[in-house]
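Listed below, chain by chain, are the residues.
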Amino acid sequence: MNEQVPGEFSPDWPRIRHLLRLGILAAGMVLAGDMLLGFGVHDMSKSGLEQFLSMYLRLPDSTIFWSAFLGLIGIPIEVLCYFAVYRLIRPYSGKVAHLYRSGILGMLAFGGCGVHVPCLACVFFYKYMTDASPDMALRATLRFGLYFLLPGIVLFFVFWCVHHLAHITAFAKGLTPYPNWCWIFCPAVGMSLTMLLKFLPESALRNAITAGWMSIGSLWMFAGLLILSRAAESNAEKKK
């Protein structure tokens, strides 16, 4: 039986749709920054991490800056718009909604400043270390990332998992006004679909799109839920 929250028996649909639309804009901003960073090809004469990082050696400093800046601004807005989903869950299960909110707050704390900007700092560091000392560039960059990027990634991933656990649980168990199958509109599904492009031949466009896999995951969620929101609103009336 659904655990309804006293005093909150129906979602605030105008605000939910507003957040979903704003989320699409914010995720689009982040995607633009990711695609700026990822638009290039790898040096196939190299291997391993050196091959992966080789794409960034040709990037202008201004591109790295704008990619970092767009993510720094866009990611917090994007994550705050996840409260649209929180508002869908809250009238039906306070416990799952609280879990979902915990995931949001953790991603808000570590997503932009804890992961995205340090990631771009690693790219910038590697680019200049390669010019200054090619022999130790990779080793120094790995140490830099270990100290300043990895802690944020670990913490972000913990809260990302909490967020997805709550999301999938809520939709799959009917704790939202959406049909149960709408659990597929979680960011992880959109991210997975995007990474299927990795099976295509190497190209600058393919790399640009896959660089934005996380923001595309958010776009998948926001757009899917927005498109089905009218039908879900009708369904919510029946659940009262």
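These figures come from a predicted structure and were not determined experimentally.

The rules we used
Residues numbered from 1 in each chain as written. Predicted model: local features only at pLDDT ≥ 70, side-chain atom pairs only at ≥ 80, totals over all residues. Heavy atoms only, no water. Helix = DSSP H or I, 4+ residues; strand = E, 2+ residues; numbered from the N terminus. Contact = heavy atoms within 4.5 Å. Areas by Shrake-Rupley, 256 points an atom, 1.4 Å probe, with all protein chains shown as cover. Lys, Arg positive; Asp, Glu negative; His and termini not counted. Charge placed at Lys NZ, Arg CZ, Asp CG, Glu CD. Expected span 1.5 Å × (residues − 1). Buried < 20%, exposed > 50% of the residue type's maximum accessible area, 1.4 Å probe, protein only. Phe/Tyr/Trp six-rings, centres within 6.5 Å; stacked < 30°, edge-to-face > 60°. Salt bridge = Lys/Arg side-chain N within 4 Å of Asp/Glu carboxyl O. Polar contact = N/O pair within 3.5 Å; in protein donor to acceptor, adjacent residues only side chain to side chain. 1 Å grid on protein atoms, 1.4 Å probe; cavity = no way out; pocket = protein on both sides within 12 Å on 5 of 7 lines; lining within 4 Å. Points joined across faces, edges and corners; volume = space filled by probe spheres on them. Nonpolar A, V, L, I, M, F, W, Y, C, P; charged D, E, K, R; others polar. Disulfide = S-S within 2.5 Å.

### Examining the overall build of the chain
What the chain contains, in helices and strands, is twelve helices and zero strands. Once the C-alpha set of the chain is aligned to its principal axes, its extents read approximately 65 × 35 × 25 Å. In the chain, the share of contacts with a sequence separation of at least 24, taken over all contacts with a separation of at least 6, comes to 76%. Here the chain has roughly 12000 Å² of accessible surface; of this, 71% comes from carbon and sulfur atoms. Of the charged side chains in the chain, 19 are positive and 13 negative; the average position of the first set lies 8 Å away from that of the second.

### Description of helix α6 (residues 112-132)
Look at α6: 29 Å from first C-alpha to last across 21 residues, which is about the 30 Å you get at 1.5 Å a residue. Considered for burial, the residues of α6 that qualify are Gly 112, Gly 114, Val 115, His 116, Pro 118, Leu 120, Cys 122, Val 123, Tyr 126, Lys 127, Met 129 and Thr 130. Where α6 is buried, its residues touch α1 (13-38), α2 (48-54), α3 (61-80), α5 (94-110), α7 (137-148) and α8 (150-172).

### So, the packing of aromatic side chains
Going through the model one piece at a time under the given rule, you end up with 16 aromatic pairs. Taking 6.3 Å as the distance between ring centres and 45 degrees as the angle between the ring planes, the aromatic pair formed by Trp 13 and Tyr 178 counts as tilted. Note that Trp 13 is positioned in helix α1 and Tyr 178 in the loop between α8 and α9 (187-195), a separation of 165 residues in sequence. A single burial state applies to Trp 13 and to Tyr 178, both of which are buried. Aromatic ring contacts, followed pair by pair, group Phe 125, Phe 144, Tyr 147 and Phe 148 into a single cluster.

### Brief notes about α8
Between its terminal C-alpha atoms α8 stretches 32 Å, which fits the 33 Å expected from 23 residues at 1.5 Å a residue. In this structure, the buried residues of α8 make contact with α4 (83-89), α5, α6, α9 and α11 (213-227).

### Observations regarding the pattern of salt bridges
Under the criterion given, the structure shown has four salt bridges. Note that Glu 233 is salt-bridged to Arg 17, the shortest N-O span being 2.8 Å. Taken as a pair, Glu 233 in helix α12 (residues 229-239) and Arg 17 in helix α1 lie far apart in primary sequence, 216 residues in all. A residue is classified by how much of its surface remains accessible, and Arg 17, at 6% relative accessible area, is buried. Arg 206 is paired through a salt bridge with Glu 202; the nearest N and O atoms lie 3.1 Å apart. Taking the relative accessible area as the measure of exposure, Glu 202 reaches 31% and is therefore partly exposed. Linked by salt bridges that have partners in common, Arg 17, Arg 230 and Glu 233 make up one network.

### What to know about the side chain of Ser 229
Assignment of secondary structure puts Ser 229 in helix α12. Residue Ser 229 is classed as buried on the basis of its relative accessible area of 1%. At 3.3 Å, the side chain of Ser 229 forms a polar contact with the side chain of Arg 17. At a separation of 2.8 Å, a polar atom in the side chain of Ser 229 contacts the main-chain carbonyl oxygen of Leu 226. Excluding residues that lie within four positions of it along the chain, Ser 229 makes contacts with Trp 13, Arg 17 and Tyr 178.

### Focus on the layout of surface pockets
Size it by volume and the largest pocket reaches roughly 1300 Å³. Contributing to the lining of the largest pocket are 45 residues, with Val 115, Cys 119, Ile 153, Trp 213 and Met 214 lying nearest its centre. Classifying every residue of the lining of the largest pocket by side-chain character gives 31 nonpolar, eleven polar and three charged.

### Some thoughts on the state of the cysteines
Per the counting criterion, the structure on display carries zero disulfides. Not engaged in a disulfide, the cysteine Cys 119 finds its nearest cysteine sulfur in Cys 122; these two sulfurs lie 6.5 Å apart. Classification of Cys 119 by relative accessible area gives partly exposed; the value is 32%. Among the cysteines around Cys 182, which has no disulfide bond, Cys 186 carries the closest sulfur, lying 11 Å off. On the basis of relative accessible area, Cys 182 is assigned to the buried category, the value being 0%.

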